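Structural overview
One letter stands for each residue in the lines below.
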Amino acid sequence: MSHILGYVCSDQVSPNSFSRTCSRSLSCTAHPDSSGVGLGWMQDDRSLLRNHPKPSPGLSPFLSLAADVPSRTVVGHVRAPGLSAVSGADLAPFRFKKWLWVSADVQVFQGTPIPLPDHIKQNLHGRSESEWLFHVVMREFAKADVLEPSDADHQTIVDAVRSAFRVAAEHGITSTAPAILATNKWMLGLRREDPLLYRVVSGYEIYDEPAFAGHKPKPRNFPTFRAALLTNATANKP
């Protein structure tokens, strides 16, 4: 199974707070390799992406992509090993304005075209079901007037997502793969069959490298730091 994750923290205390606090929670390392990795994050009010569509060993390429990202919100995708090659345009995560989306669905969209407003359709670059579904979600957000996250209440978001799934199913997208929708300060896990797991982090410590032999630097503590991780990765499961 391809692995996805979402991460939201209380503060940009350090560029690699994600890898420091959550890397050991991700059992993606059980994979000997991957068929590509992708990363999305929020920087202020902008959604940004990086990806590495080529086969690569384990989780290390993903952590390398995330290592210098100073963001409160990160989403990622580690494609299962053995999948056919994919272009960068078809490799999740995907972005639109202030929203990020990642799904474990790796299928190519073969259904009937779904009507999208021009300002949303022009952001569609690939052929994956996951990207199509995300843009249908954005279409429903536009209808509900919640494309601006600060204007959105959670129930309206949930109702719009449910509506998007119904529309997508009518056009041939029937995937039950879990997905994560995120913006600058919160994220929403979407699941129908396969589980999504979560972890909450309360505080962490940074141990600097010793400056000389025998040196034992004191840890730097961040007791007020809070973070939450969502992932579909389960230990020892392909």
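Everything discussed here concerns the structure shown above.
The sections below set out a description of the structure shown in this document. (Residues numbered from 1 in each chain as written. Predicted model: local features only at pLDDT ≥ 70, side-chain atom pairs only at ≥ 80, totals over all residues. Heavy atoms only, no water.)

Let us look at the layout of surface pockets. Of the voids in this model, the largest pocket is the one considered here, and its volume is about 230 Å³. Lining the largest pocket are 18 residues, and of these Arg79, Val86, Asp90, Val106 and Val108 lie nearest its centre. The class makeup of the residues in the lining of the largest pocket is 8 nonpolar, 6 polar and 4 charged. Its boundaries defined by the atoms lining it, the second largest pocket holds a volume of some 160 Å³. Lining the second largest pocket are Met42, Asp45, Lys98, Glu148, Pro149, Ser150, Ala152, Thr183, Asn184, Lys185 and Trp186. A breakdown of the residues in the lining of the second largest pocket according to their chemical character gives 4 nonpolar, 3 polar and 4 charged. (1 Å grid on protein atoms, 1.4 Å probe; cavity = no way out; pocket = protein on both sides within 12 Å on 5 of 7 lines; lining within 4 Å. Points joined across faces, edges and corners; volume = space filled by probe spheres on them. Nonpolar A, V, L, I, M, F, W, Y, C, P; charged D, E, K, R; others polar.)

Moving on to the pairing of strand E4 (residues 73-78). With respect to burial, E4 is a largely interior element, 6 of its 6 residues being buried. Here E4 shows no split at all, with Thr73, Val75 and His77 on one side and Val74, Gly76 and Val78 on the other all buried. Sheet analysis places strand E1 (residues 3-9) next to E4, joined by 6 bridges and oriented antiparallel. Its bridge partner lying in E4, Tyr7 is registered against Val74. By the bridge criterion, 5 bridges tie strand E2 (residues 37-43) to E4 in an arrangement that is antiparallel. Its bridge partner lying in E4, Val37 is registered against Val78. (Buried < 20%, exposed > 50% of the residue type's maximum accessible area, 1.4 Å probe, protein only. Helix = DSSP H or I, 4+ residues; strand = E, 2+ residues; numbered from the N terminus. Pairing = 2+ DSSP bridges.)

In this section: the nonpolar core. If you look at the biggest cluster of nonpolar residues, it comprises 45 residues, and the most contacted ones within it are Trp99, Trp101, Met138, Phe141, Ile157, Val161 and Leu181. Counting only elements with at least two residues in this core, the list comes to E1, strand E5 (94-96), strand E6 (99-103), helix H4 (129-144), helix H5 (154-170), strand E7 (179-182) and strand E8 (187-190). If sequence neighbours within four positions are ignored, Leu181 has contacts with Trp99, Leu100, Trp101, Phe134, Met138, Phe141, Ile157, Val161, Met187 and Leu188. Counting 11 residues, the second largest nonpolar core, distinct from the first, contains Leu39, Tyr204, Phe225 and Ala227. (Core = buried A, V, L, I, M, F, W, Y, C linked by side-chain atoms within 4.5 Å. Contact = heavy atoms within 4.5 Å.)

Viewed as axis vectors pointing N to C, H4 and H5 meet at an angle of 130 degrees, and their least axial separation amounts to 8 Å. One way to sum up the angle between H4 and H5 is to call them oblique. Here H4 and H5 pass one another in a crossing that is right-handed. Residues Leu133, Val136, Val137, Arg139, Glu140, Phe141 and Ala144 of H4 form the contact with H5, whose own contacting residues are Thr156, Ile157, Ala160, Val161, Ser163, Ala164, Phe165, Val167 and Ala168. The residue inventory of the contact of H4 with H5, partitioned by class, reads 12 nonpolar, 2 polar and 2 charged. (Axes fitted to C-alpha atoms, helices over the stretch in contact; angles between N-to-C directions. Parallel < 35°, antiparallel > 145°, perpendicular 65-115°, else oblique. Left-handed = near helix turned anticlockwise from the far one by under 90°.)

Each α-helix turn comprises 3.6 residues. Residues three or four places apart therefore point the same way. Between its first and last C-alpha, H5 extends 25 Å over 17 residues, near the 24 Å set by a 1.5 Å rise per residue. Ile157, Ala160, Val161, Ser163, Ala164, Phe165, Val167 and Ala168 are the residues of H5 that are buried. Here the buried face of H5 lies against E6, H4, E7 and E8. N-capping of H5 is provided by Asp153, with a side-chain oxygen placed 3.2 Å from the backbone N of Gln155. (Expected span 1.5 Å × (residues − 1). Polar contact = N/O pair within 3.5 Å; in protein donor to acceptor, adjacent residues only side chain to side chain.)

Attention now moves to the packing of aromatic side chains. Tallied over the entire structure, the rule returns 4 aromatic pairs. Considering the side-chain rings of Trp101 and Phe134, the 5.9 Å spacing of their centres and the 20 degrees angle between planes classify their relative orientation as stacked. With Trp101 in strand E6 and Phe134 in helix H4, this pair connects stretches of sequence that are 33 residues apart. For the pair Trp101 and Phe134, a shared accessibility class is recorded, and that class is buried. (Phe/Tyr/Trp six-rings, centres within 6.5 Å; stacked < 30°, edge-to-face > 60°.)

With respect to topology, 6 strands assemble into an open sheet ordered E3-E2-E4-E1-E10-E9, the strand pairing being antiparallel. Since the sheet does not close on itself, it has two edges, and those belong to strand E3 (46-52) and strand E9 (197-206), each with one partner. Across the sheet, the axes of successive neighbouring strands diverge by a mean angle of 20 degrees, strand direction being ignored. In terms of strand pairing, E9 meets strand E10 (residues 220-231) through 9 bridges, oriented antiparallel. Looking at the pairing, Ser202 lines up with Arg226 of E10.

Take the sheet that holds E7 next. Hydrogen bonds along the backbone pair up the strands of a sheet, which may run parallel or antiparallel. Spatially, the 4 strands line up as an open sheet ordered E5-E6-E7-E8, and their pairing is antiparallel. In this open sheet, the two strands that pair with only one neighbour each are E5 and E8. For this sheet, the mean inter-axis angle between neighbouring strands, taken without regard to orientation, is 15 degrees. Across 4 bridges, the pairing between E6 and E7 is antiparallel.

Functional significance is not addressed by these values, which are geometric in nature.
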